[in-house]
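Analysis of the macromolecular model
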Amino acid sequence: MRLIEVHDLKKHYSSGLINKQYTRAVDGVSFHIKRGETLGLVGESGCGKTTVGRLLLRLIEPTSGSIIFDGMDITRLNREEMRKLRPRMQMIFQDPESSLNPRMRIGESIAEPFRLGLQGKMSRSEMKERVLELVDVVGLNPEHVNRFPHQLSGGQNQRVVLARILAINPEFIVADEPTASLDVSVQAQILRLMMDLKRDFGLTMLFISHDMDVVRHMSDRIAIMEKGRITDILDNSSLCQKAEKSSIPGKLKYASRIPA
Amino acid sequence: MVYSNAMLEIIDLRTCFPSQDGLVKAVNSVDLQIKDNERLGLIGETGCGKTVLGMSIIRLLPSSARVEGQIIYNGHDLLRLTGEEMRKLRGKEIAMILQNPTTSLNPVLKVGDQIAEVISLHRGLGKKEAKARAVQMLEAVMIPEAERKADQYPHELSGGMKERVMIAMGLASHPSFVIADEPTKGLDARTKTEIVNLIRDMTSGRSMLIITHDLAAAGEICDRIAVMYAGELLEEGPTEMILNDPQHPYTQGFIRSLPRQGLHPISGSSPSLIDPPSGCRFHPRCPYAMDICKKEHPQMVRLDEGHSSRCYLCG
């Protein structure tokens, strides 16, 4: 079953008054994402992949084309209808620190969806309990709840973003280079966590990255984007198995004393 | 003791910063040699002290930094030079390609003029000659239409082009030693490959320190690699050995966490530099940690010719 269907989506920007020039950031893109599936979107910087992600959540208005989410064409929804739909679709941005409110403690940030009543009425103690549950799910410690974003590392802040998204409990997530600003070992931690969350919460995802190796790990299918168009959509199952089996360095030649 | 074939020798370098919470020991007792014509990659994650190490060499740290030890360049200890003596060396003989070209370039100066400034300052050329040399440098870093680009401002150039300008500026005075700090940061796959190839070609026959967390880039450019963690070197050796046969558990974990190597994360997070773990600094995250690792601080052990590792499991 298809959760997202995109038909001939376009986003053109114009500049100049007399000599109008058009930039075709997204120029006729069509694809679909099945429920529970992750579609990877790869391309070089400037190819329009981030614009596609933003269009899908209607953070920007398309020039033309349709976006069908769960049977509804969301390009036709008005502001109020769109606002009601927003909790079902969420975005993870590249820089976690700037996506969190710097003046809110981590716990408050995670509890905000509860305070807004997105999960129904909740008592203060119930909220606290749910926040601590989520903090545990994303691998943070209870002590982090009282800290501010600037007191945490990039990887920890991205965990907070994930906890907050789980509090909203969306069906669809657009992840735009979620580990671009993180170190390799932290990147591995966050991507592993995202894979687990996707499995446990049955999330559907559009995973945007310029790193083919990363996309291979995260995606069921991969769309290749070039200059505003999707040039190819590949099935990843065979590619992924190969990557998992690839040899792991570190034969520990000198490490004869390792306890078995 | 000065090694005759070492272009730069760092002996027991300790760099720390006072902070509200205590002394931040960013570089802790690092010994490192870079030979003539050798390109050394300094690998490590954010906050491990690798940039501070580079800045200690070229002496561009804030005045609050406390730097101890020796950095021998050409028979002189850089740390004993006066500010004036250091200023004559900096940019001319020892140059740095700073990270983040977007913030490192002057936004209100044309890129050609920024490069010409380096040339006229260090080689005493007139304005016109310096500008012509700057254009030549831009051509050397494969910037198309170099003459036109020289008259543009940084914001008019793409990230890859700005990185090329940084490289041109760093190499403009023909320095004998170059430090490059994260030259591939924030570039997409194709641009990264181009920049890596450019650095490799432009710096062959030069002595260089490349600071990066990009192991693939270091593998392409460097003759040797040193791995830094929490202010210390944990492993050092020829590039081939470090990439294909790493001996320190941290180096192994680092490589295994690469997407291409299976995306296996190292558990836990980097330790504090104010109050680092006892014994081996990696022991809280090490899958092989033993009792001794918690109690005693391991020394660098030599394994093979030029390959050493700071681990009780090695040697």
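Because the structure is predicted, anything quoted here is derived from the model rather than measured.

Reading guide: rules and limits
- The written sequence of each chain sets the order in which its residues are numbered from 1.
- Each chain is given a letter, starting from A, and each ligand a number, starting from 1, according to the order in which they appear as written.
- Given that the model is predicted, a residue must reach a pLDDT of at least 70 before its local features are reported, and side-chain atom pairs must reach 80 or more before they are shown or counted; all residues, however, enter totals for whole chains, interfaces and linings.
- Secondary structure elements are taken from DSSP: a helix is a run of H or I of four residues or more, a strand is a run of E of two residues or more, and numbering for both begins at the N terminus.
- The globule rule is 2.2 Å times the number of residues to the power 0.38, and the radius of gyration it is compared with is taken over C-alpha atoms.
- Whether a residue is buried, exposed or partly exposed is read from the other C-beta atoms within 10 Å of its own C-beta, which are placed from the backbone; 20 or more gives buried, 12 or fewer gives exposed, and intermediate counts give partly exposed.
- The contact rule is simple: place each C-beta atom from the backbone, and if two of them lie within 7 Å, those residues are in contact.
- In short, DSSP must find at least two bridges between two strands for them to pair.
- Interaxial angles span 0 to 180 degrees and are taken between N-to-C directions of axes, which are lines fitted to C-alpha atoms, for helices over the stretch in contact.
- Left-handed describes a crossing whose near helix is turned anticlockwise from the far helix by less than a right angle; the clockwise case is right-handed.
- Note that Gly is not counted as nonpolar here; it falls among the polar residues with everything else outside the nonpolar set of Ala, Val, Leu, Ile, Met, Phe, Trp, Tyr, Cys and Pro and the charged set of Asp, Glu, Lys and Arg.
- Working rule for helices: expected span equals 1.5 Å times residues minus one.
- Residue ranges assigned to each domain were obtained from an automatic or database domain assignment.
- Joined through C-beta atoms within 7 Å, a set of buried Ala, Val, Leu, Ile, Met, Phe, Trp, Tyr and Cys residues constitutes a nonpolar core.
- Small angles under 35 degrees read as roughly parallel and large ones over 145 as roughly antiparallel, with 65 to 115 read as roughly perpendicular and the rest as oblique.

For the rest of this paragraph, the subject is the overall build of chain B. Counting its secondary structure elements, chain B contains 12 helices and 12 strands. Against the 2.2 N^0.38 benchmark of 20 Å for 315 residues, chain B shows a C-alpha radius of gyration of 20 Å, consistent with a compact globule. Expressed as a percentage of its 315 residues, the buried residues of chain B come to 49%. Contacts spanning at least 24 positions in sequence make up 61% of the contacts within chain B whose residues lie at least 6 apart.

We now examine the sheet that holds strand β5 (residues 72–73) of chain A. Residues and elements named next belong to chain A. Reading across from one edge, β2-β1-β4-β5 is the order of the 4 strands in this open sheet, with antiparallel pairing throughout. If you trace the sheet from one side to the other, it starts and ends with β2 (21–34) and β5, each paired once. The pairing of strand β4 (residues 64–69) with β5 spans 2 bridges and is antiparallel. Along β5, the bridge assignment pairs Phe69 with Met72. Running over the sheet, helix α1 (residues 49–56) touches β1 (2–15), β2 and β4 and is turned about 65 degrees from β2.

Attention shifts here to the packing of helix α4 (residues 106–115) of chain A against helix α5 (residues 124–137) of chain A. Residues and elements named next belong to chain A. Following both chains from N to C, one finds α4 and α5 inclined at 120 degrees, their axes separated by 10 Å at the closest point. Read as a crossing pair, α4 and α5 show a hand that is right-handed. Of the residues in α5, those touching α4 at Gly107, Ile110, Ala111 and Phe114 are Met127, Arg130, Val131, Leu134 and Val135. Among the residues making up the contact of α4 with α5, the classes are represented as 7 nonpolar, 1 polar and 1 charged.

On to the sheet that holds strand β5 (residues 76–77) of chain B, then. Two modes of strand pairing occur in sheets, parallel and antiparallel, and in both the strands are linked by backbone hydrogen bonds. All names here are of chain B. Reading across from one edge, β2-β1-β4-β5 is the order of the 4 strands in this open sheet, with antiparallel pairing throughout. At either margin of the open sheet sits one strand with a lone partner, and together these are β2 (22–35) and β5. Both strand β1 (residues 6–19) and β2 contribute to a ladder of 10 bridges, which runs antiparallel. Residue pairing for β2: Cys16 is matched across the bridge by Lys25. Sheet strands in contact with helix α1 (residues 50–58) are β1, β2 and β4 (66–73), and its direction is about 70 degrees off that of β2.

Turning to the environment of Val30(B), a few remarks are in order. Residue and element names in this part refer to chain B. Along the chain, Val30 turns up in strand β2. For Val30 and Thr15, which are 15 residues apart along the polypeptide, the C-alpha to C-alpha distance reads 9.5 Å. Sequence-distant contacts of Val30, that is, excluding residues within four places in its chain, are made with Ile10, Leu13, Leu53, Glu232 and Leu233.

Let us now look at helix α6 (residues 154–168) of chain A. Since the α-helix advances by 3.6 residues per turn, residues separated by three or four positions end up pointing in the same direction. Across its 15 residues, α6(A) extends 21 Å between first and last C-alpha, which sits within 8% of the 21 Å expected from 1.5 Å per residue. Of the residues trailing α6(A), Asn169(A) is marked for its positive phi of about 60 degrees.

This part takes up the environment of Phe114(A). Residue and element names in this part refer to chain A. Relative to the assigned elements, Phe114 resides in helix α4. Here the alpha-carbon distance between Phe114 and Glu126, two residues 12 residues apart in the chain, equals 9.7 Å. Ignoring any residue separated from it by four or fewer positions in sequence, one finds Phe114 in contact with Gln119, Met122, Met127, Arg130 and Ala167.

Once the domains are mapped, chain B shows domain 1 (6–88 + 204–309) and domain 2 (94–174). On a C-alpha basis, the centres of domain 1 of chain B and domain 2 of chain B stand 30 Å from each other.

Residues and elements named next belong to chain B. Counting 153 residues, the largest nonpolar core has Ile115 and Ala168 as the members making the most contacts within it. Counting contributing residues, this core receives three or more from each of domain 1 (6–88 + 204–309) and domain 2 (94–174). Once you skip the residues sitting within four places of it in the chain, Ile115 turns out to touch Ala134, Met137, Ala168, Met169 and Ala172.

Moving on, we come to the pairing of strand β10 (residues 232–238) of chain B. Residue and element names in this part refer to chain B. With 6 of 7 residues buried, β10 is to be regarded as a mostly interior element. Pairing of strand β9 (residues 224–229) with β10, which is carried by 6 bridges, proceeds in the antiparallel orientation. Paired with Arg224 across the strands is Pro238, a residue of β10. In this structure, the hairpin formed by β9 and β10 is closed by a connection of 2 residues, where Ala230 is found at a positive phi of approximately 50 degrees.

Trans is the prevailing form of peptide bonds, just as negative phi is the prevailing case for residues other than glycine. With phi around 45 degrees, Asp8(A) is a residue other than glycine that occupies positive phi space. On the secondary structure map, Asp8(A) appears in strand β1. Of note, the phi angle at Arg59(B) is positive, near 55 degrees, even though the residue is not glycine. Secondary-structure assignment places Arg59(B) in the loop between α1 and β4. Judged by local crowding, Arg59(B) falls into the partly exposed class, with 18 C-beta atoms found within 10 Å.

In a regular helix each residue adds 1.5 Å, so 18 residues correspond to 26 Å; helix α7 (residues 184–201) of chain A covers 25 Å between its end C-alpha atoms and thus fits that length. Among the residues of α7(A), those classed as buried are Val184(A), Ser185(A), Val186(A), Gln187(A), Ala188(A), Gln189(A), Ile190(A), Leu191(A) and Met194(A). For α7(A), the secondary structure elements touched by its buried residues are α6 and α8 (212–218) of chain A together with α11 (249–256) of chain B. The positive-phi residue at the C-terminal boundary of α7(A) is Gly202(A), with phi of around 60 degrees.

What follows covers the environment of Glu112(A). By the element assignment, Glu112(A) lies in helix α4. Residue class for Glu112(A) comes out partly exposed when judged on the 15 C-beta atoms lying within 10 Å of it.

Here we take up the packing of helix α7 (residues 159–171) of chain B against helix α8 (residues 189–202) of chain B. All names here are of chain B. Two elements in contact, α7 and α8, have axes separated by 10 Å at closest approach and are oriented at 15 degrees. When the axes of α7 and α8 are compared, the pair comes out roughly parallel. Here α7 and α8 pass one another in a crossing that is right-handed. Contacts between α7 and α8 involve Gly159, Gly160, Glu163, Arg164, Ile167 and Leu171 from the first element and Thr191, Glu194, Ile195, Leu198, Ile199 and Met202 from the second. Its residues placed into classes, the contact of α7 with α8 shows 6 nonpolar, 3 polar and 3 charged.

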